[in-house]
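Here's the letter readout for the chains.
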Amino acid sequence: MLKNLNSKHIQRFSYKYLPQFPISPNSPKLGFSRSQIANYRSNFPTTIMSSSKTIVLRSSDGETFEVDEAVAVESQTIKHMIEDGCADTSIPLPNVTSKILSKVIEYCKKHVETPNADEKVAEEDLKSFDADFVKVDQSTLFDLILAANYLNIKSLLDLTCQTVADMIKGKTPEEIRKTFNIKNDFTPEEEEEVRRENAWAFE
Amino acid sequence: MQRNLKGLNSNDFISRMPDDILIMVLSRLSVKEAVVTSILSTRWRFLWCNLKTLNFDARQALDNIDNDFRFYLLERYKYTKQVNGVIRSYNHPTLHHFRIRFYLTCEYTSVIDEWLKFAVKKKVESLELDLETNQKNYLHNTFNYSLLIQAPINTLTTHTTTQVVYIIYVTIVCG
């Protein structure tokens with residue numbers, strides 16, 4: 001393994017293979033605690049630990065995406081994987097296809113690039129980006145919800161869930177079924193019972 | 001979570017979502033809109049009962065009343081019918097947050113009693129009762145409301161850390 005190390009590896013692996021702390025027989029073989037890594041990083045010379053670190057993400061269909069760490073950690077899931085030292089070569093995301101992952105990365109990039117919108121222009125720009133971002137077909141929209149949930153990206157999850165809620169608001173049950181192609185599998189008696197139970201809602 | 005996907009249409013994407021995501025969506029609707037989804041299909045029937053917050057803030061109705069007082073009786077009828085209906089159908093054993101906001105007078109003490117009994121039964125963590133009666137001249141200025149709850153009384157006291165009670169503009173006469 002050591003003979004395959006090049007400078008790129010040393011950037012990523014150095015905190016693992018060149019620890020400052022003595023390894024006792026009782027300490028775990030791989031992986032230091034989060035506080036050890038954080039402590040180590042803060043002591044390590046900054047010339048070796050690059051600040052513009054990139055992370056490689058691998059989608060379920062095998063495509064890889066290289067993104068800045070700052071963009072990748074918009075996802076709490078990825079952030080914890082990096083902190084736990086699982087981000088060696090690439091992070092596999094078996095639940096996310098390349099099509100959806102590229103959209104998610106686009107969203108995270110935009111939100112990281114936009115400075116915390118105190119400026120009205122930046123805020124408007126981000127709002128209109130978000131509005132356009134969710135103008136997709138339902139299959140993509142629900143895949144985005146699942147991805148945002150799995151990757152734990154709160155703002156994207158809020159945005160996509162709100163979009164679905166807006167598609168339900170103000171519609172009659174029949175209209176909602178039509179919008180989402182939901183099959184009504186009630187028997188006539190059951191449906192009558194539900195209508196009676198909550199009659200006030202259906203007036 | 002294993003679910004039988006056989007009965008679904010091939011382009012019914014929303015029903016492939018796990019329950020907790022659908023509940024996230026329902027939590028962004030008003031209570032009425034959430035209850036309407038109970039008739040969509042058997043899967044949706046009791047989903048709304050998993051909502052942790054029941055917020056009966058009748059903003060639109062209150063605006064209507066402010067614009068024209070003649071709407072008051074109708075809106076009040078609809079509002080109480082809505083809350084009573086939800087209380088009957090909500091089958092989850094617990095509820096985190098229960099919020100009432102409407103103009104109600106002392107004729108409604110027994111109705112509000114039932115609402116509070118429901119809140120106590122569901123072990124609410126946060127109860128808001130906003131009856132706004134002092135704001136309007138045409139409603140009674142004092143509202144002597146007797147709180148008769150047949151439950152351990154300490155569940156509604158403010159010094160219990162798990163229970164928070166906000167009671168605005170209501171004079172409570174105890175005992």
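Quick notes on the rules
- Residues numbered from 1 in each chain as written.
- Chains lettered and ligands numbered in written order.
- Predicted model: local features only at pLDDT ≥ 70, side-chain atom pairs only at ≥ 80, totals over all residues.
- Heavy atoms only, no water.
- pLDDT = per-residue confidence, 0-100.
- Contact = heavy atoms within 4.5 Å.
- Core = buried A, V, L, I, M, F, W, Y, C linked by side-chain atoms within 4.5 Å.
- Buried < 20%, exposed > 50% of the residue type's maximum accessible area, 1.4 Å probe, protein only.
- Helix = DSSP H or I, 4+ residues; strand = E, 2+ residues; numbered from the N terminus.
- Expected span 1.5 Å × (residues − 1).
- 1 Å grid on protein atoms, 1.4 Å probe; cavity = no way out; pocket = protein on both sides within 12 Å on 5 of 7 lines; lining within 4 Å.
- Points joined across faces, edges and corners; volume = space filled by probe spheres on them.
- Nonpolar A, V, L, I, M, F, W, Y, C, P; charged D, E, K, R; others polar.
- Salt bridge = Lys/Arg side-chain N within 4 Å of Asp/Glu carboxyl O.
- Polar contact = N/O pair within 3.5 Å; in protein donor to acceptor, adjacent residues only side chain to side chain.
- Axes fitted to C-alpha atoms, helices over the stretch in contact; angles between N-to-C directions.
- Parallel < 35°, antiparallel > 145°, perpendicular 65-115°, else oblique.
- Pairing = 2+ DSSP bridges.

Concerning the confidence of the model for chain B
- For chain B, per-residue confidence averages 75 on the pLDDT scale, and 70% of positions sit at 70 or higher.
- Across residues 133-175 of chain B the pLDDT falls below 50, and counting only partners more than four positions away or on other chains, this stretch makes 77 contacts in the model.

Some details on the nonpolar core
- Within the largest apolar cluster, 91 residues are counted, with the highest numbers of intra-cluster contacts made by Phe98 and Trp115 of chain B.
- In this structure, phenylalanine 98 of chain B is in contact with Leu54, Phe56, Val83, Trp115, Phe118, Ala119, Val124, Ser126, Leu127 and Glu128 of chain B, ignoring residues within four places of it in sequence.

Structural notes on helix α8 (residues 154-168) of chain A
- Here α8 of chain A contains 15 residues, and its C-alpha end-to-end distance of 21 Å stays within 8% of the 21 Å for a straight helix at 1.5 Å per residue.
- Along α8 of chain A, the residues that are buried comprise Leu156, Leu157, Leu159, Thr160, Cys161, Thr163, Val164, Ala165 and Ile168 of chain A.
- Buried residues along α8 of chain A sit against α5 (98-113), α6 (120-133), α7 (138-151) and α9 (173-180) of chain A together with α1 (19-26) of chain B.
- Immediately beyond the C-terminal end of α8 of chain A, within one or two residues, lies glycine 170 of chain A, with a positive phi of roughly 75 degrees.

Examining the confidence of the model for chain A
Residue and element names in this part refer to chain A.
- Residues with a pLDDT of 70 or more make up 72% of chain A, whose mean pLDDT is 82.
- Confidence over residues 9-19 falls short of pLDDT 50; this stretch has 28 contacts with residues more than four positions distant or in other chains.
- Within the model, the stretch residues 45-50 combines pLDDT values under 50 with 8 contacts to residues more than four positions away or in other chains.

Remarks on empty space enclosed by the protein
Residue and element names in this part refer to chain A.
- Scanning the model with the defined rule gives 4 cavities of 30 Å³ or more in all.
- Contributing to the lining of the second largest cavity are Leu57, Val67, Val71, Ala72, Ser75, Ile78, Leu101, Val104, Ile105, Cys108, Leu151 and Ile153.
- Among the secondary structure elements, those contributing two or more residues to the lining of the second largest cavity are α3 (69-72) and α5.
- Here the lining of the second largest cavity takes 4 residues from α5, the largest share from any one element.
- Across the lining of the second largest cavity, the residue classes tally to 11 nonpolar, 1 polar and no charged.

As for the interface of chain A and chain B
- Taken residue by residue, the interface counts 37 residues in chain A and 31 residues in chain B.
- Linking chain A to chain B there are 4 salt bridges.
- Between arginine 45 of chain B and glutamate 193 of chain A there is a salt bridge, with its nearest N and O atoms 3.5 Å apart.
- Inspection of the chain A/chain B interface yields 10 residue pairs in polar contact (both at pLDDT 80 or more).
- Among the secondary structure elements, those contributing two or more residues to the side of chain A that touches chain B are α7, α8, α9 and α10 (188-197) of chain A.
- The biggest single contributor to the side of chain A that touches chain B is α8 of chain A, with 7 residues.
- For the side of chain A that touches chain B, the per-class residue count stands at 17 nonpolar, 8 polar and 12 charged.

Thoughts on the packing of α5 of chain A against α6 of chain A
Residues and elements named next belong to chain A.
- Contact pair α5 / α6: the axes reach a minimum separation of 11 Å and the direction vectors enclose 170 degrees. Here α5 is positioned roughly antiparallel relative to α6, judged by the angle of their axes. Residues Lys103, Glu106, Tyr107, Lys110 and His111 of α5 touch α6, and the partners they reach there are Asp125, Leu126, Phe129, Asp130 and Phe133.
- Of the residues belonging to the contact of α5 with α6, the class tally is 4 nonpolar, 1 polar and 5 charged.

Remarks on the pattern of salt bridges
- This structure, assessed with the given rule, holds 21 salt bridges over all chains.
- Residue glutamate 123 of chain A is joined to lysine 127 of chain A by a salt bridge in which the shortest nitrogen-to-oxygen separation is 3.8 Å. With glutamate 123 of chain A and lysine 127 of chain A both in helix α6 and 4 residues apart, the pair spans about one turn of that helix.
- A salt bridge links arginine 70 of chain B to aspartate 68 of chain B; the shortest N-O distance between them is 3.0 Å.
- Aspartate 68 of chain B gets classed as partly exposed once you look at its relative accessible area, which sits at 24%.

Details of the layout of surface pockets
- Approximately 1000 Å³ is the volume found for the largest pocket.
- In terms of lining residues, the largest pocket is bounded by 37 residues, among which Ser30, Val31, Lys32, Glu33 and Gln82 of chain B are the most central.
- At the level of secondary structure, the elements contributing two or more residues to the lining of the largest pocket comprise α9 of chain A together with α2 (31-36), β1 (53-57), α3 (59-67) and α4 (72-89) of chain B.
- Per element, the largest residue contribution to the lining of the largest pocket is 6 residues, and it comes from α4 of chain B.
- A class-by-class count of the residues in the lining of the largest pocket yields 17 nonpolar, 9 polar and 11 charged.

Description of the environment of phenylalanine 202 of chain A
- Locating phenylalanine 202 of chain A in the fold gives a position in the segment after α10.
- With 45 residues separating them along the chain, phenylalanine 202 of chain A and leucine 157 of chain A place their C-alpha atoms 30 Å apart.
- Other than its neighbours up to four places away in sequence, phenylalanine 202 of chain A contacts Pro173, Val194 and Arg195 of chain A together with Val35, Val36, Ser38 and Ile39 of chain B.

Some words on the pairing of strand β2 (residues 64-68) of chain A
Residues and elements named next belong to chain A.
- Because side chains alternate across β2, one face comprises the buried residues Phe65 and Val67, and the other comprises Thr64, Glu66 and Asp68, none of which is buried.
- In this sheet, β2 lies alongside strand β1 (residues 54-58) in antiparallel orientation, the contact comprising 5 bridges. Note that in β2 the partner of arginine 58 across the bridge is threonine 64.
- Linking β1 to β2, which pair antiparallel, is a turn of 5 residues; within it glycine 62 sits at a positive phi near 85 degrees.

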